[in-house]
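These are the residues of each chain, in order.
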Amino acid sequence: MSASSFPTLLIVAITVAVAGWSGWWWVGASTQETAALRWFEERREEGWVADTDSLGVTGYPNRFDTMIEGLELSDPRSGWAWSAPLFQILSLAYRPTEFIFVWPETQTIASPTDRIAVSGDTLRGSLAMIPNLQLTLRKSVIEADKLSLVAESGWTADLDTVVFATEGIEEGFDPGTGHRIGVRIRDITLSEDLRQQLDPTGVLPATMEGGQLDATVGFAAPVSLTTLEDGMPGADSVQVDDFQLTWGKLDLRAQGTLTADAAGFAEGRLTVRAKNWREMLALAESNGAVGSDGAAAIEFGLGLLAGLSGDPNALEVPLTFQQGRTTLGPLSLGPAPRLRVAVGN
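Residues numbered from 1 in each chain as written. Predicted model: local features only at pLDDT ≥ 70, side-chain atom pairs only at ≥ 80, totals over all residues. Heavy atoms only, no water.

> I would appreciate a short explanation of the confidence of the model for the protein chain in the present structure.
The predicted coordinates ought not to be read in detail in places where the model reports low pLDDT. Model confidence for the protein chain is summarised by a mean pLDDT of 87, while 86% of its residues fall at 70 or above. Of all helices and strands in the protein chain, the one with the weakest mean pLDDT is helix α5 (residues 292-309) (67), whereas strand β7 (residues 115-119) scores best (97). (pLDDT = per-residue confidence, 0-100. Helix = DSSP H or I, 4+ residues; strand = E, 2+ residues; numbered from the N terminus.)

If you want it as structure tokens, here you go:
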């Protein structure tokens, strides 16, 4: 090959490579756009309101960025709805099973009872799927900073930081069913009307320090894009490694393991540790969660348990779920929560 022909061959090779990549990008972008449009069409066939002003994929040459403008989603069966001026689904062309979601600074969520305007400095998430036929969830993160909720009914809530994360676990679980889940919420400020409902006597500070949850959940089915279209699978087991909730002097913590019984109700035990538990009980009585007669009996029973620990202001007591009922120490609290719907129900 002569030296003079080398530049020509290089140009041809680059041209072919660019054309090939461009063709591959166009196919990938068209596939994503078609899949998104099909999803909206399927929701409409199910009776949803599922409308957009525009939907398209951009990002050439290295990204697939799905831009959805004028989004309106409403499920008539549940009564929930979501509207947003812009919602973005971003991915790298060479990582097609990993996505970044970007919500707008303002959007609206409606429930059967209220309509809430949601705004924040940052509201984004990420999702990584295992590249199999079901697109099984590998990990996910949702983060929000300076989140503000303003309800049409008048109440407001401001949250400084919210983080929700999941990570798949293989050991000890069927493929795709085991996930570690973490939640962190910091500095929650409620409007006066909400605070009055929770704390009528005004003994707690205006801002709740927040809470966190670290848990390992074994779902009844693999968590994947396929199963999520029908709703989140129920849980067979929940191991609470750490639960904390702090508001002023009130400090509540819990650990333990629950499993689903044959009817899907939680069965097992959480060890609950509460500091200044009498103030918690007084708060429950003042906001109507516990009647005055019941509060006296509960205080007497819990006082005996706290006395056994040597610190009358600190309480460590089992929260037990058995045969569809919940008990705190010797006290019955009502029905147990349901982890999943039993087969056949």
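> It is not clear to me how the nonpolar core should be interpreted in this structure. Could you clarify?
The biggest cluster of nonpolar side chains holds 61 residues, and the ones touching the most others in it are F40, L71, W82, F87, L302, F321 and L339. Those residues in contact with F40 that sit more than four places away from it in its chain are A50, D51, T52, L55, I68, L71 and L73. Counting 5 residues, the second-largest nonpolar core is a separate cluster that includes W25, A29, F64 and A93. (Core = buried A, V, L, I, M, F, W, Y, C linked by side-chain atoms within 4.5 Å. Buried < 20%, exposed > 50% of the residue type's maximum accessible area, 1.4 Å probe, protein only. Contact = heavy atoms within 4.5 Å.)

> Whenever I open this one, the packing of aromatic side chains confuses me. Can you help?
A ring pair, where both rings are aromatic, is described by two values, the distance of the centres and the angle of the planes. In this structure the tally under the stated criterion is 7 aromatic pairs. On the numbers, 5.3 Å between centres and 80 degrees between planes, the contact of W82 with F87 is edge-to-face. Given a relative accessible area of 19%, W82 falls into the buried group. For F87, a relative accessible area of 9% translates into the label buried. Centroid distance F87 to F101: 6.1 Å. Interplanar angle 5 degrees. Geometry classified as stacked. In this pair, F87 is assigned in strand β4 (residues 80-92) and F101 in strand β5 (residues 98-102), connecting sequence segments 14 residues apart. Judged by its relative accessible area of 18%, F101 falls in the buried class. In this structure an aromatic cluster arises from ring pairing among W82, F87, F99, F101 and W103. One cation-aromatic arrangement involves R338 over F265; the distance from NZ or CZ to the ring centre is 4.6 Å. (Phe/Tyr/Trp six-rings, centres within 6.5 Å; stacked < 30°, edge-to-face > 60°. Lys NZ or Arg CZ within 6 Å of the ring centre and 35° of its normal.)

> Looking at this model, I keep getting lost on the environment of A50. Mind explaining?
By the secondary structure assignment, A50 is in strand β1 (residues 49-51). A residue is classified by how much of its surface remains accessible, and A50, at 1% relative accessible area, is buried. As a C-alpha pair, A50 and W82 span 32 residues in sequence and 9.8 Å in three-dimensional space. With sequence-adjacent residues up to four places away left out, A50 is seen in contact with F40, R43, R44, E72 and L73.

> How should I be thinking about the pairing of strand β3 (residues 63-75) in this particular structure?
Where a strand is regular, its side chains alternate between the two sheet faces. In this sheet, β3 lies alongside β1 in antiparallel orientation, the contact comprising 3 bridges. In the strand pairing of β3, A50 is matched with L73. Connecting the antiparallel pair strand β2 (residues 54-58) and β3 is a turn made up of 4 residues, with G59 showing a positive phi of about 110 degrees. Relative to β4, β3 runs antiparallel, the two being bridged by 12 bridges. Counterpart to E72 in the pairing with β4 is S83. Here β3 folds back onto β4, and the loop between the two strands holds 4 residues, one of which, G79, carries a positive phi near 85 degrees. (Pairing = 2+ DSSP bridges.)

> Where do I start with the pattern of salt bridges in this structure?
Pairing between side chains of opposite charge can happen when their charged atoms approach one another. Applying the stated rule across the entire model yields 12 salt bridges. Between E98 and R95 there is a salt bridge, with the nearest N and O atoms lying 4.0 Å from each other. Under the relative-accessibility criterion, R95 is labelled partly exposed at 44%. Here R138 makes a salt bridge to E98, at a shortest N to O gap of 3.3 Å. With R138 in strand β9 (residues 137-151) and E98 in strand β5, this pair connects stretches of sequence that are 40 residues apart. Judged by relative accessible area, R138 falls into the partly exposed class, the value being 33%. Residues participating in the shared-partner salt-bridge network are R95, E98 and R138. (Salt bridge = Lys/Arg side-chain N within 4 Å of Asp/Glu carboxyl O.)

> Can you help me understand helix α4 (residues 277-286) in this one?
Spacing of three or four residues puts side chains on the same side of an α-helix, whose turn is 3.6 residues. Those residues of α4 that sit buried are W277, M280, L281, L283 and A284. Viewed end-on, α4 has its buried residues packed into an arc of 160 degrees, placing them on one side of the element. (Arc of directions from axis to C-beta.)

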